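Residue strings, one per chain:
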Amino acid sequence: MTLFFIGIIEMIIMATWTKVVSNTQIVASGIITMMNIFVWYYVLRIVIDNINNWHLVLFYAFGCAIGTVLSTAYFQYRSKNIERSVSEI
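Residues numbered from 1 in each chain as written. Predicted model: local features only at pLDDT ≥ 70, side-chain atom pairs only at ≥ 80, totals over all residues. Heavy atoms only, no water.

**Topic: the packing of aromatic side chains**
Enumeration over the complete set of coordinates arrives at two aromatic pairs. Consider the rings of F4 and F5, whose centres lie 5.2 Å apart with planes at 80°: the pair is edge-to-face. On the basis of relative accessible area, F4 is assigned to the buried category, the value being 17%. Arranged with centres 5.3 Å apart and planes meeting at 65°, the rings of Y74 and F75 form a pair that is edge-to-face. (Phe/Tyr/Trp six-rings, centres within 6.5 Å; stacked < 30°, edge-to-face > 60°. Buried < 20%, exposed > 50% of the residue type's maximum accessible area, 1.4 Å probe, protein only.)

Here it is, written out as structure tokens:
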């Protein structure tokens, strides 16, 4: 079950990384990349230690999917609010 939440967190990290890279925020993208490597290391260690438990990978995949949906919805909502506030000025 832990991998489910790790999957959510990882996809939020990746969406944030994509955002900072597209905005050419060099230092932030490097820091986020390092955080993501540590998450990947943890995930790989857990999966390898439990290589016959495919349920772990399934929970992780569901977490990743939910994290992607949440982070995409958040950045879309944020973008619309920024556009709306700029047009009101």
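And the narrative resumes.
**Focus on the packing of helix α1 (residues 2-22) against helix α2 (residues 26-49)**
At a minimum axis distance of 10 Å, the contact between α1 and α2 shows a crossing angle of 155°. The angle between the axes of α1 and α2 places the two elements in the roughly antiparallel class. Like other packed secondary-structure pairs, α1 and α2 cross with a definite hand, here left-handed. Seen from α1, the contacting residues are T2, L3, I6, E10, I13, M14, T16, W17, V20 and V21; seen from α2, they are A28, S29, I32, T33, M35, N36, V39, W40, Y42, V43, I46 and V47. (Axes fitted to C-alpha atoms, helices over the stretch in contact; angles between N-to-C directions. Helix = DSSP H or I, 4+ residues; strand = E, 2+ residues; numbered from the N terminus. Parallel < 35°, antiparallel > 145°, perpendicular 65-115°, else oblique. Left-handed = near helix turned anticlockwise from the far one by under 90°. Contact = heavy atoms within 4.5 Å.)

**Focus on the environment of H55**
By the element assignment, H55 lies in helix α3 (residues 54-88). For the pair formed by H55 and F75, sequence separation is 20 residues and the distance between their alpha carbons is 30 Å.

**Structural notes on the nonpolar core**
Where a protein is soluble and globular, its nonpolar side chains tend to be buried together. Counting 12 residues, the largest nonpolar core is built from L3, I6, M11, I13, V20, I32, V39, V43, I46, L56, Y60 and C64. For this core, the element with the highest residue contribution is α1, accounting for five residues. Beyond its immediate sequence surroundings of up to four residues, I13 is in contact with I32, M35, N36 and V39. (Core = buried A, V, L, I, M, F, W, Y, C linked by side-chain atoms within 4.5 Å.)

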